[in-house]
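Each chain is listed here by its residues.
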Amino acid sequence: VTVTVSATASHSIPTTLWGQMFEDISSGDGGLYAERERNFERRPLISAKSVHPVLQNRAFQQVTPGSSAALNAWQAVNGATISVIKETTPVSSALPNALHVTVPSGKSGQVGFLNTGYSGIKITAKSTYTASFYYRFPTSSSFSGSVLISLQATSGQVFGSASIQLSGSQTTWKQVSVSITPSTSASSTSNVFSVTVDGGSAAGQTINFAMFSLFPPTFKNRQNGMRADIAEALAEMGPSFFRLPGGNNLEGQTAATRWQWNATVGPILSRPGRVGDWGYANTDGLGLFEYLNWCEDVGMQPIMAINFVVGDPTKSAAAALRSSLGHPEPFTLNFVEVGNEDNFAASTYTYRWHDFVTALKAQFPNIHFIATSIAFNPVLSPVPTEYDVHVYQSPTWFAQNSFYYDGFQRNGTKYFEGEYAAISTNASNLFGAIGTGRFTFPTMQGSAGEAAFMTGLERNSDIVFAASYAPLLGHVINNQWTPNLLAFDAGNVYRSTSFYVQKLFSLNRGDSYIPSTLPSKTGTLFWSVVRKTSGNQIIIKVSNTAASAATLTFVLPFNTVSSTGTAQVLTGAGTASNTPTNPNLIVPVTGNITTGKTFNYNAPAVSVSVLTFTAS
Ligand SMILES: [NH3+][C@H]1C[C@H](O)[C@@H](O)[C@@H]1CO
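The text that follows walks through the structure, step by step, so that each part is easy to find. Just so we're clear, the structure is a prediction, and the values are computed from it rather than from any experiment. (Residues numbered from 1 in each chain as written. Predicted model: local features only at pLDDT ≥ 70, side-chain atom pairs only at ≥ 80, totals over all residues. Heavy atoms only, no water.)

### Considerations on the pattern of salt bridges
- Using the criterion set out here, one finds 16 salt bridges in the structure.
- Between Arg222 and Asp297 there is a salt bridge, with the nearest N and O atoms lying 2.8 Å from each other. With Arg222 in the loop between β13 (206-215) and α2 (228-235) and Asp297 in helix α3 (residues 288-298), this residue pair connects regions lying 75 residues apart in the sequence.
- Using a relative accessible area of 32% as the deciding quantity, one classes Arg222 as partly exposed.
- Accessibility expressed as a relative area gives 17% for Asp297, which makes it buried.
- Arg243 is the partner of Asp388 in a salt bridge, and the nearest nitrogen-oxygen pair spans 3.5 Å. (Salt bridge = Lys/Arg side-chain N within 4 Å of Asp/Glu carboxyl O. Helix = DSSP H or I, 4+ residues; strand = E, 2+ residues; numbered from the N terminus. Buried < 20%, exposed > 50% of the residue type's maximum accessible area, 1.4 Å probe, protein only.)

### Some details on the sheet that holds strand β28 (residues 537-544)
- The seven strands lie next to each other as β2-β26-β27-β28-β33-β30-β31, forming an open sheet whose pairing is antiparallel. Two strands in the sheet have a free side with no partner beyond their single neighbour: β2 (11-12) and β31 (589-594).
- Sheet analysis places β28 next to strand β33 (residues 607-614), joined by eight bridges and oriented antiparallel. Bridged to Ile538 within β33 is Phe613.
- Across the face of the sheet, helix α9 (residues 497-507) comes into contact with β28, β30 (564-571) and β33 while running at roughly 155° to β30. (Pairing = 2+ DSSP bridges. Contact = heavy atoms within 4.5 Å. Axes fitted to C-alpha atoms, helices over the stretch in contact; angles between N-to-C directions.)

### Structural notes on the site of the ligand
- The ligand sits among Glu23, Gly247, Asn248, Trp278, Asn340, Glu341, His390, Tyr392, Glu419, Pro471 and Trp481.
- Glu23 places a side-chain nitrogen or oxygen 2.4 Å from an oxygen atom of the ligand.
- Bound to the protein, the ligand loses 94% of the 290 Å² it would expose on its own.
- When the residues that make up the shell around the ligand are grouped by side-chain class, the tally is four nonpolar, four polar and three charged. (Near = heavy atom within 4 Å. Polar contact = N/O pair within 3.5 Å; in protein donor to acceptor, adjacent residues only side chain to side chain. Areas by Shrake-Rupley, 256 points an atom, 1.4 Å probe, with all protein chains shown as cover. Nonpolar A, V, L, I, M, F, W, Y, C, P; charged D, E, K, R; others polar.)

And the structure:
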């Protein structure tokens, strides 16, 4: 096929074009959020890949005291009696429950309890783990002794430990904190966090505990921050926005359980947590302030909730709260989305949209409000300036719909492709379980289809201002949704073929779109041409979704074109994925190519290529 490239750009590419969508769907607690002790029981909505004992309740939020679920994955050590109780004097009004521990008589050696982390705990030598909890003796006693806090393998090998003095006269809550720096790394993630006392000297003692926490080093060493390896993988994509906090997890299964930003900010002790939309409780330790700091740390703008974010501390209590938390300046916020996928609730959306936007636009005239119903159906007032469009489809659908936006009216309305992914080869049961065509991990065929679709988003970026694959992140065990752009477990983060496509487009986004011969709508070869003005770079993205290689001949109108360029190529068998057992099966390979005013490029079968060269 011959691709004639025009001499002049048709439009500038919005700086917001490539970014990330995030919600807690086996991705916040125990994932991006660095706290290693986690959650409550996790009732997988999609067949769990493992009956692995589920996560831990660091603060026993949203559980029924005395129920078996309340103690999920907390385990007694050497005969201690442990239970979750409703405290008579809770550690805070937001955290009514506590762990009630009684040391039996006649036990020698360490007695207490342990926490199995988020399906395991990664222990890295020389990393400093900050462990903390609150304790009190419900009845004053003469006990005075030490408690041993240790990171150890389930086999018993201790990697690091520290001890702290406890006093039986301490009948009010007291927080203790230790740093543990293991000398050796654990060979697996089958490790626990244990809290024990000497069975002899503590015989007969009863102690209450609350608000446990175990933090490894965090991304940019942020207090209560993000897990470094996952955060670094996300930052590696060079995203320009971060949509938060959802997705479904924004709205709650009921109005009462919707995400309420003010319950997610301030001291961890004051955050009650909530039962999220994905069948488990969110601790809300990853709250609005953490999200906003994360956006700032990565250079992303949030797409989302308001006064706390941009208000004037002298005029708004919410803004004053933000200031008191250490951020007197407003955060960047240009877009707020009203709801999520309200095409499912269009009848009530008309008045909800109207009431929210009328009130908020009056107070925040510079913010753009994004609607989530079908574009122009129903008719909304005020008329939306942006719509959020979601699509989960098959690899074929994406390859065949790269012209989805070409026919849209240019009437000032802009579009946010807020969630999209190739999720199954089964077009008649796209959301089915694994084994019915549903992907566990993205496949190369799906990623090439997404790339084809993305060349269309670039071509139409005069009206498509932002796009993000979804979901962004998911645990490989006990998750609620697959595929995800990134998968992770207690010890590793796994980059998918779709992750590399998102990264290749994001890091090579250019600043102006250069029209060229249009691909065939029903073909298997797709491309887009952009210019990166600084450096006079021309960047051509090519997706070949066919099972055979294809040659493209590029004809360029520029006076001088470099004779060589680089090609970053992602290619592999269509059904292949990067998996935990083979995480780097398909990764981008960079090589040199011959370029010039006219040059040929041979796109491998099932491949995504980014060709870069200079021209002026
Ligand atoms: N059903 C998808 C649509 C919703 O917005 C997300 O929460 C879900 C997973 O990405």
